[in-house]
Each structure stands twice: as structure tokens, then as C-alpha cells.
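Structure assessment
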Amino acid sequence: MPIAWCNMIFFLLMLLAACGGKNEALPSPNADNILSLARVTLDSIQSTSFEENREYCGFIGVAPNGEISVTVPKPGQTNHCNFGIMPRNWQHVSAYHTHGRHTSSYNSEKPSAADLQGHHEFGITGFLATPGGRLWYIDGPNLSAELICGPSCLTQDETYRPVHSIDTSYTIHTLLDG
Ligand SMILES: [Zn+2]
């Protein structure tokens, strides 16, 4: 075989190897990566959520280009946020939302029953940031929630006062009963 052809085949093999290598270099869509991005995203919108005293929400997951991505945070109401339509063609889709400013009139330091039910309807998991700076994992499919980290692990509202007792996990039943 002429050397020129050998070179051409070698070049094509290198090109294929390079393309394969590029895919391997992309972040793997695992739970740790999604948690890290959820945490950074939530922390970055806490202050705005407190100032405007309303929730912010969005989705997080792996976009078609393989990148772990978040949708632009959507402003909601004082105690509600409309997530809108889940991104098409994303994988491992999860959601995130904040709870706005601290209030003593109800316990916003834990996910609400409506939070669990909403995620359950989407069939996805989610992450919640509270005024006290708690970070929660919401398991929509199993209608349960688990505390990832306690007060001040995210930016905390300066008006926050610990007025309610908070468990480290809840189910839809313990939330509805409580
Ligand atoms: Zn909520």
C-alpha cells in the first residue's frame, strides 16, 4: 500500500480516536454533577429571591449536547412558582426552586406537600433552597424529601429566625400530617 494511503488511514483513525476522546471528556451525567450545579445555581439566586420576596424555579439536567445545564431561573410568587414546560430531549431532568424570604406565618424551611406532589407529577427529582439556607433533595417519584445540608449551607436570609423544628427527611404523609 502506498505510504500516502497509509498516512490517510492513520489520519482517519486518529480523527476517530479524537472524536471518541471528546465524548469521554464531557462530564458524565451523574447525580453528583447535577447536585453541584443545583447547589451553585440555587445559591446564586438566593439573594434576589429574598429581596423580591418570591420563589424562583427552573430545570436542571443533561442537554442534547451532553452538557449538564440549567434553564434560566423563572420568577414566581411569594409561595408558588410555575416551572413551565420541561426541556425537550434533556436527560436526567431534575428541578430547582427557592422559597423566597423568611416568614413566621408558615414553615418554609422544608418542602411543602405541594412541592412533592408537583415533582411527582413531572416524575422527576428536585432541589430546594430555603430562607435559612437549607438545601433539600426532593424525590418526586417516591414522594419523599431529604435534607442535604442544614442552615447556612446556602446563602441565608438575614431576617431568618429558627422558629420551627425541622426534621431531616419527610414523606408526603408526614408533610400532610404535620
Ligand atoms: Zn417549595
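Residues numbered from 1 in each chain as written. Predicted model: local features only at pLDDT ≥ 70, side-chain atom pairs only at ≥ 80, totals over all residues.

Phi is positive for asparagine 53, which is not a glycine, with a value near 50 degrees. Topologically, asparagine 53 is positioned in the loop between α2 (31–51) and β1 (56–62). Within the chain, leucine 143 stands out as a residue other than glycine whose phi angle is a positive 50 degrees. (Helix = DSSP H or I, 4+ residues; strand = E, 2+ residues; numbered from the N terminus.)

Bringing the pairing of strand β5 (residues 125–129) into the picture now. Where burial is concerned, most of β5 is hidden: five out of the five residues are buried. Burial along β5 is two-sided: the face carrying Thr125, Phe127 and Ala129 and the face carrying Gly126 and Leu128 are both buried. Two elements, strand β4 (residues 91–98) and β5, share five bridges in a ladder whose sense is parallel. Within the sheet, the bridge partner assigned to serine 94 lies in β5 and is threonine 125. Read as a crossover between parallel neighbours, the route from β4 over helix α3 (residues 113–122) to β5 is right-handed. Where β5 lies against strand β6 (residues 135–139), five bridges are found, and the strand directions are antiparallel. (Buried ≥ 20, exposed ≤ 12 C-beta atoms within 10 Å, placed from the backbone. Pairing = 2+ DSSP bridges. Right-handed = clockwise from strand over helix to strand, strands pointing away.)

In a soluble, globular protein the nonpolar side chains are often hidden away together inside. In terms of nonpolar packing, the biggest core is built from 28 residues, with Leu42, Ile60, Tyr96, Phe127 and Trp136 touching the most fellow members. If you list the elements that add at least two residues to this core, you get α2, β1, β2 (68–70), β4, β5, β6 and β7 (144–149). For this core, the element with the highest residue contribution is β1, accounting for five residues. Beyond its immediate sequence surroundings of up to four residues, leucine 42 is in contact with Tyr96, Thr98, Phe127, Ala129, Leu135 and Leu154. (Core = buried A, V, L, I, M, F, W, Y, C linked by C-beta atoms within 7 Å. Contact = placed C-beta atoms within 7 Å.)

Once that is clear, we can look at α3. For α3, the set of buried residues is Asp115, Leu116, Gly118 and His119. The arc that holds the buried residues of α3, viewed along the axis, is 165 degrees, so those residues lie on one side. Structural note: α3 exposes Ala114 and Glu121 on the side pointing more than 90 degrees away from its buried face. Where α3 is buried, its residues contact β4, β5, β6, β7 and α4 (172–177). Positive phi shows up at glycine 123, right after α3, with a value of about 75 degrees. (Arc of directions from axis to C-beta.)

Shape is all these values report; function is a separate question.
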